[in-house]
Amino acid sequence: MEIIIPILVTLVFAATPILLAALGELVVEKAGVLNLGVEGMMLVGAIAGFAGQFYTGNPYFALLCGAVAGAAVSLIFGFLTLSLSANQTATGLALTIFGTGFSALAGAPFSARPIQLMGPLFPPELATHPLWRGVFGYSAPVYFSFFMVFAIWYFLQKTRAGLILRAVGENDLSAHSIGYSVRGVRYLAVLFGGAMAGIAGACFPLLLTPQWAERMTAGRGWIAVALVVFASWRPLRLLAGAYLFGLVMTMELYAKAGGGPLSVIPSELWAALPYLATIVVLVLISIRRDASTNAPACLGKPFLPSN
Amino acid sequence: MDASMPLRLQLTGITKRFPGVLANDDVSFSVRPGEIHALLGENGAGKSTLVKMIYGIMQADAGEIRWDGAPVVVANPKAARKLGIGMVFQHFSLFEALTVLENIALGMDGTLKSRDLEVRVREVMSTYGLLLDPHRTVATLSVGERQRIEIVRALLLDPKLLIMDEPTSVLTPQEVEQLFEVLRKLAAQGCSILYISHKLHEIKALCDTATILRGGKLVATCDPKQETSRSMAEKMIGAGLKDIVRSQGRSLGAPKLAVSRLVTSKAGHFDVPVNDVSFTVRAGEIFGVAGVAGNGQNALLDALSGEVLGDDKDAVSIDGYPLGLLNTTGRRKRGLCAVPEERNGHAAVGDFTLSDNSVLTARDRLGMVIMGLINGGAAKTYTGKVIADFAVKALGPGSTAGSLSGGNLQKYIMGREILQRPSVLVVSQPTWGVDAGAAAAIHQALVDLAAEGSAIVVISQDLDELLALCDTLAVINGGRLSAAQPVGEVSVEEIGLLMGGVHGATEARDAIPA
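Computed from a prediction, not measured in an experiment: that's the story for all the values here. Here, residues in each chain are numbered from 1, in the same order as that chain's written sequence. To read the labels, note that chains go from A and ligands from 1, taken in the order they are written. Per-residue local features of the predicted model are confined to residues with pLDDT of at least 70, and side-chain atom pairs are confined, for both listing and counting, to 80 or more; whole-chain, interface and lining totals are unaffected and use all residues. Side-chain metrics in this entry use all non-hydrogen atoms of the structure; hydrogen atoms and water are not considered.

Caption draft 1: Just the overall build of chain A, in detail. Of the regular secondary structure elements, chain A holds 13 helices and zero strands. Put simply, chain A runs from its N terminus to its C terminus through helices and strands in the order α-α-α-α-α-α-α-α-α-α-α-α-α. For a compact globule the rule gives 2.2 Å times the number of residues to the power 0.38, and the radius of gyration it is set against comes from C-alpha atoms. A compact globule built from 307 residues should have a C-alpha radius of gyration of about 19 Å, and chain A, at 19 Å, falls within 12% of that. By principal-axis analysis of the C-alpha atoms, chain A measures approximately 65 × 45 × 35 Å. Throughout this description, buried means an accessible area under 20% of the type-specific maximum (1.4 Å probe, protein chains only), exposed means over 50%, and partly exposed covers the range between. Counting over 307 residues, chain A shows a buried share of 51%. Elements are defined by DSSP. Helices are runs of H or I of four residues or more, strands are runs of E of two residues or more, and each kind is numbered from the N terminus.

Caption draft 2: Structural view of the domain arrangement of chain B. If you check the domain split of chain B, you get domain 1 (9-237) and domain 2 (255-344 + 422-510). Its C-alpha centre places domain 1 of chain B at a distance of 32 Å from the equivalent point of domain 2 of chain B. Each domain's extent was defined by an automatic or database domain assignment.

Caption draft 3: Structural view of the sheet that holds strand 2 (residues 21-31) of chain B. Residues and elements named next belong to chain B. When DSSP locates at least two bridges between a pair of strands, those strands are taken to pair. Strand order in the open sheet formed by four strands is 2-1-4-5, with antiparallel pairing between adjacent strands. Among the strands making up the open sheet, the edge pair consists of strand 2 and strand 5 (70-72). Neighbouring strand axes in the sheet, compared pairwise and without regard to direction, differ in orientation by 30° on average. Sheet topology places strand 1 (residues 9-18) next to strand 4 (residues 62-67); five bridges connect them, and they run antiparallel. In this description, a line fitted to the C-alpha atoms serves as the axis of each element, helices being fitted only across the stretch in contact, and the angle between N-to-C directions of two axes falls anywhere from 0 to 180 degrees.

Caption draft 4: Quick look at the packing of aromatic side chains. Residue and element names in this part refer to chain A. Note on aromatic contacts: the rings of Phe and Tyr and the six-membered ring of Trp form a pair at centre separations within 6.5 Å, being stacked when their planes are under 30 degrees apart, edge-to-face when over 60 apart, and tilted otherwise. Going through the model one piece at a time under the given rule, you end up with 15 aromatic pairs over all chains. Residues Phe 50 and Phe 54 carry aromatic rings whose centres are separated by 6.2 Å and whose planes lie at 15° to one another, so their mutual orientation is stacked. Here Phe 50 and its partner Phe 54 are both found in helix 2 (residues 38-56), four residues apart, which amounts to about one turn of the helix. Judged by centre distance (5.7 Å) and plane angle (45°), the ring pair of Phe 146 and Tyr 243 falls under tilted. Here Phe 146, found in helix 6 (residues 140-158), pairs with Tyr 243, found in helix 11 (residues 235-256); they are 97 residues apart in sequence, far enough to count as distant.

Caption draft 5: Focus on the pairing of strand 8 (residues 192-196) of chain B. All names here are of chain B. Most of strand 8 is tucked away: five of the five residues are buried. By the alternation rule, side chains of strand 8 split into Ser 192, Leu 194 and Ile 196 and Ile 193 and Tyr 195, which are all buried. Pairing of strand 3 (residues 36-41) with strand 8, which is carried by four bridges, proceeds in the parallel orientation. From the neighbouring strand, Ala 38 faces strand 8, where its bridge partner is Tyr 195. One ladder, built from five bridges, connects strand 7 (residues 161-165) with strand 8; its direction is parallel. Bridge pairing in strand 8 places Ile 163 opposite Leu 194.

Caption draft 6: Just the confidence of the model for chain B, in detail. Residues and elements named next belong to chain B. With 91% of its residues at a pLDDT of 70 or more, chain B shows a mean pLDDT of 84. This stretch, residues 503-514, has a pLDDT under 50; its non-local contacts, to residues over four places away or in other chains, come to 16 contacts. Reported confidences for the modelled complex are a pTM of 0.70 and an ipTM of 0.77. The pLDDT value expresses, per residue, how confident the predictor is, ranging between 0 and 100. Contacts are assigned to residue pairs with any non-hydrogen atoms lying within 4.5 Å of each other.

Caption draft 7: Structural context of the environment of Pro167(B). Residue and element names in this part refer to chain B. Note that Pro 167 resides in the loop between strand 7 and helix 6 (173-188). Look at Pro 167 and you get buried, because its relative accessible area is 2%. Residues Pro 167 and Ile 196, 29 residues apart in the sequence, show an inter-C-alpha distance of 7.8 Å.

Caption draft 8: Layout of the pattern of salt bridges. A carboxyl oxygen of Asp or Glu within 4 Å of a side-chain nitrogen of Lys or Arg is what we treat as a salt bridge. Counted by the stated rule, this structure contains 22 salt bridges over all chains. Residue Asp172(A) pairs with Arg186(A) through a salt bridge whose shortest N-O separation is 3.8 Å. With Asp172(A) in helix 8 (residues 172-178) and Arg186(A) in helix 9 (residues 182-208), this residue pair connects regions lying 14 residues apart in the sequence. Note on accessibility: Asp172(A) and Arg186(A) belong to one class, buried. In this structure, Lys235(B) and Glu227(B) form a salt bridge, with 2.9 Å as the shortest nitrogen-oxygen distance. Assessed through its relative accessible area of 17%, Glu227(B) is described here as buried. Salt bridges sharing partners connect three or more residues here, namely Arg8(B), Asp68(B) and Lys160(B).

Caption draft 9: Representation of the sheet that holds strand 3 of chain B within the structure. Residues and elements named next belong to chain B. The strand order across the open sheet built from six strands is 6-7-8-3-9-10, with neighbouring strands paired in mixed fashion. Of all the strands in the sheet, just strand 6 (85-88) and strand 10 (217-222) have a single pairing partner and so form its edges. For this sheet, the mean angle separating the axes of adjacent strands, direction not counted, is 20°. Looking at chain direction, strand 9 (residues 209-214) and strand 10 are connected through five bridges and run antiparallel. When the bridges of strand 10 are listed, Thr 211 appears paired with Thr 221. Sitting on the sheet, helix 5 (residues 143-155) is in contact with strand 6 and strand 7, with an inclination near 180° to strand 6. Across the sheet, helix 8 (residues 229-237) touches strand 3, strand 9 and strand 10, and the angle it forms with strand 9 is around 35°.

Have a look at this one:
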């Protein structure tokens, strides 16, 4: 127990930002848009969240800053790809480059100025026993991410708005001909994805390392993008996938720290594991053909109505 | 019909201009309550543009739409549905990954709970005999079943005007009859129907009035029951219709294409594998394969073209030379060319120019590739010839295939294969969605090719086409081919029974309506 709980806490903190960003991207992709700018939106969210915490000391306001900043950046993507029908892949990559540069520029004045980490959501009395700490010891974004898994599943499967969103991602021209606003739905999805990525980014300074570092999201945005495919666009599988990745990253940390049996495998190999796992899972999914049919049919295609 | 009732729909002076084309030029006509009104015209005559404006997908540049006597602006399809206008599209606007019920829910304006909706859907389905499982995923349904979803979706709104865009192109004769029953029932209840089709005998059987468009202009309004199919077709194309000209008393040559005990393995979603098919086509013969969609036509075409290979080298042969193990390229070199049913994406690459598309199938027979390098000039010249000979409406060999209308692309594809002078040509649905004038030209080209001594296999669901075109006819059902019979000696009833699977040996498939 004494060993397990700290590992669990590290795991949860590693998995949460990936899960949040991937959930946002899942909704975006279900609407038929491929936004590869998740990493960039996360970095902008991270610096906005950092600044919010730095100036106000209110972590909830800081998360809100991250969400707004992520949504604002995603609006650039939305305008280019939805209103101007630019190529989504290229625009997404550009967004990541932009986010990386912008966050480095905006973050420069904050270097080496620590902030307060976000405290746990529940009062510490609930988390006195180590076991309870494993349940009640986390800060709000962790519980929020769990809530969003079920909220998004419910939204997509059980609500009319979710059905319309899936329809837009499945066949944009048909949705248009029935009379749904394809661009409108996709704008909302992209903004939601941006906000989720922004919150995910803000988790890095607020939950993990309480100071600003350039590129502090360290490629987690890309893992989030891969995870959406990995989970075949299903929120519950996304939860499992994010924690699997989180587990591997946690192992890496412990291996680096020279933690007993784990250090038998070199830490570089641990670091490579999430990516190896992605490849293996993608291969397995493509063998099972029915699983890949869950991909939205219009994913990444620009919407070009005939009139 | 009560004459004092206002007209259900009245169009006055509708004009719509696209860059470079006048799609609709001062079109005026009206539909009475309970009337079945046909909208006739060749491809590009402006029928689709017109109904898109009625359904609110497009807005007219000039003119007025009156609904039940009052002028209306149909801003979007939602507004159209609110007025009581339903539409069944030619290309179904369905979502493959979603279920029947979800698809229907998307077409409704969201006031019903999904459980209540299911009850209503089942009601409508049983009232009109449109049988479907609401929880099936659309991807697993046949084309005919998909159309039923569209119809149910439109009927759920209790429409006062139902627009049907070429609804029968994919149905069996029996299914067509069922559809007509539904439409007549609806009309009797006062629902007006605007029926777009180019099948003239259907319009004669079903419609009260026909409005004929040509080049965006209204050229005639007539009572189809008083007209002949021929007179309507001539109004449509604005000229006398050419009959197929065959040289008299021609005799068929030696056997050219021999298919022997052809078997394919598991076919795709909507088709069955071919089972033990044998037939022979002689030089100069046009051999027709009739049948309802999804009975093995695609598998047969793939097996003949070489797209799907079997393991018996003698299953397909030309002049005794076995082709069974050769792929498409090998078979083309030996003189067997094929045109699949799906023109955009299968017979042609939409984003490629016509020239490049010619290279794809004609490179070996016409020497368009020399030592791995494409001879662009040869491809361009050949494509230009196809465009000229087959009257393809395209800017030139540099136009992309996807920019052509369906009928024009079909003319190009047929021309591309026919001008290669293949010794055996296999075509599927040669005139699907093609207007009467173009269809006649394609038919004539096929007859001419046969007259030069080629053996031709035509796979089609259009029985009229097969009866007009073919020397010999067989019916495919459940992957098995009936015995071939000379066209003069079979009756339509007999073929209809064979298409329905009544040849003793095979069981009726579930695709056949009860």
